[in-house]
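# Breakdown of the fold
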Amino acid sequence: MQFRKRAVHFGGVNIGCAPALQLVDNGFDVWLGNYRGTPYGLRHKTLSPKSHEFWDFSWHENGVLDQAAMIDYILNITGRERLFAVSYSMSCTASMVLYSERPEYNSKVIANIFFAPSAFIKHPTGLWQLTKVTMKMFPGLTNLLKDATGNHIINDKLPFSDVSLTTICHVAKRNIILAPICTLLSEFFAGRHSPSAADRLLRGLTVRIPSGASIRQCVHYAQSIERGGEFRQYDFGRARNLELYGSSEPPSYNLQAVASPVHFFCGISDRTVSIKDCDTLTKTIPSTVSVNKVPRYQHHDFILGEGLDELVNTKVIAYLLSYL
């Protein structure tokens, strides 16, 4: 393999071919990563994916362990001292966890590109809003979800999290009860139907959406919604929190420790990461360099949206080249 100008790591979640291929065409050495739990991340040296232990992780572990391991692997193979990191959605979450908890990794990253970054959920929309309403109606729901893993589920994998929306919606489209649920899920993951997402491409995208998740990943986000949208570590309960954190409540992540430069891209119409929460995040991180608010863009328009080259890809390449 020929190693080019700089290594670029697309962390955790594959954000699509177009940006990656354009970076290759511009001389960058591109690496695509996938987190544990995806169809590409089910092998382990000692644990079976049928066990509780394999699925005992949240996006905290995706950050401090998985993201760190991918960065170190790339730098070791390429012989580089630093790389660029391009992250999307939950991969941004994990990156911020890594830089907060293991700040030495800031020095290993030249700069970050964050697409639709998920951290604060103070202004939930779409499925997150439904989650907030449901938790108000049923207090203690997150604890119930945690307890259910040991009593009713063979492991801590989120049930049906690897069944694609393409499959679900095909089955549900003629069912008067399931069809609205399918629509809600599709809008949450891929946004409302618009000219910016061609049907054929959207169907191809949802083949791998969702793509495997642990219950703890989802509960961790739900805990944030339950506690006013704060970006905090996982709440294991009073006793375990005291043991791990030295306090009965989990601490917030120290975003002031994020020192690696960050270029943000946020969709104004995003129903998964609201533009208000994106604004809060960009003002909280001290190393924010630029903020790009893309009109009409929803969560997955950063993969297949109309005007992607002009509104996103060209800017990303220009930002990265500016550091060389």
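This text goes with the structure placed above it.
Sequence order as written defines the numbering, with residues in each chain counted from 1. Reporting of local features is limited, given that this is a predicted model, to residues whose pLDDT is at least 70; pairs of side-chain atoms are given and counted only at 80 or more, and all residues count toward the totals for whole chains, interfaces and linings. Side-chain measures were taken over the full set of non-hydrogen atoms in the model, leaving aside hydrogen atoms and water.

With that settled, consider the nonpolar core. In this description, a nonpolar core means a group of buried Ala, Val, Leu, Ile, Met, Phe, Trp, Tyr and Cys residues linked to one another through side-chain atoms lying within 4.5 Å. Relative accessibility decides the category of a residue: with a 1.4 Å probe and only protein chains considered, values under 20% of the type maximum give buried, values over 50% give exposed, and everything between is partly exposed. Membership of the largest hydrophobic core comes to 37 residues, with the highest contact counts inside it found for Met 96, Phe 231, Leu 255, Leu 281 and Ile 285. Helical segments are the DSSP runs of H or I of at least four residues, strand segments are the runs of E of at least two, and each set is numbered from the N terminus. When contributions to this core are tallied by element, the ones reaching two or more residues are helix H2 (59-78), strand S3 (83-88), helix H3 (90-101), strand S4 (109-115), helix H9 (215-226), strand S5 (262-267) and helix H11 (275-284). Contacts are residue-level and defined by heavy atoms, with any inter-residue pair within 4.5 Å sufficient. Not counting the four nearest positions on each side in its chain, Ile 285 is found in contact with Met 96, Leu 255, Val 258, Val 262 and Phe 264. Formed by 23 residues, the second largest nonpolar core is a distinct cluster that contains Phe 28, Val 294, Leu 308 and Val 312.

Attention now goes to the pattern of salt bridges. Salt bridges, as used here, are contacts in which a Lys or Arg side-chain nitrogen is within 4 Å of a carboxyl oxygen on Asp or Glu. Inspection of the entire model under this criterion finds 11 salt bridges. Here Glu 61 ties to Arg 216 by a salt bridge, and the two come within 3.5 Å at their closest N and O atoms. With Glu 61 in helix H2 and Arg 216 in helix H9, this residue pair connects regions lying 155 residues apart in the sequence. In this pair, the class of Glu 61 matches that of Arg 216, namely buried. The salt bridge partner of Arg 102 is Glu 104, with a shortest N-O separation of 3.7 Å. Salt bridges sharing partners connect three or more residues here, namely Arg 227, Arg 232, Asp 235 and Glu 249.

Once that is clear, we can look at unusual backbone geometry. Of note in the backbone geometry, Ser 89 takes a positive phi value of approximately 55° without being a glycine. Residue position: Ser 89 is located in the loop between S3 and H3. Note on Ser 89: relative accessible area 14%, which makes it buried.

Below, the discussion takes up the layout of surface pockets. In this analysis the probe radius is 1.4 Å and the grid spacing 1 Å, with only protein atoms considered; a cavity is a set of points the probe fits into but cannot get out of, a pocket is an open set with protein on both sides within 12 Å along at least five of seven lines, and lining residues have an atom within 4 Å of a point. Grid points are joined across faces, edges and corners, and a volume is the space filled by probe spheres set on the points. As a volume, the second largest pocket reaches approximately 610 Å³. In this structure, the second largest pocket is lined by 22 residues; those nearest its centre are Asn 34, Arg 36, Tyr 40, Gly 41 and Arg 43. Going through the elements one at a time, strand S2 (29-32) and H2 are the ones with two or more residues in the lining of the second largest pocket. Considering every element that reaches the lining of the second largest pocket, the biggest residue donor is H2, with 5 residues. Among the residues making up the lining of the second largest pocket, the classes are represented as 11 nonpolar, 5 polar and 6 charged. Here the term charged refers only to Asp, Glu, Lys and Arg, the term nonpolar to Ala, Val, Leu, Ile, Met, Phe, Trp, Tyr, Cys and Pro, and the term polar to all other amino acids, Gly among them.

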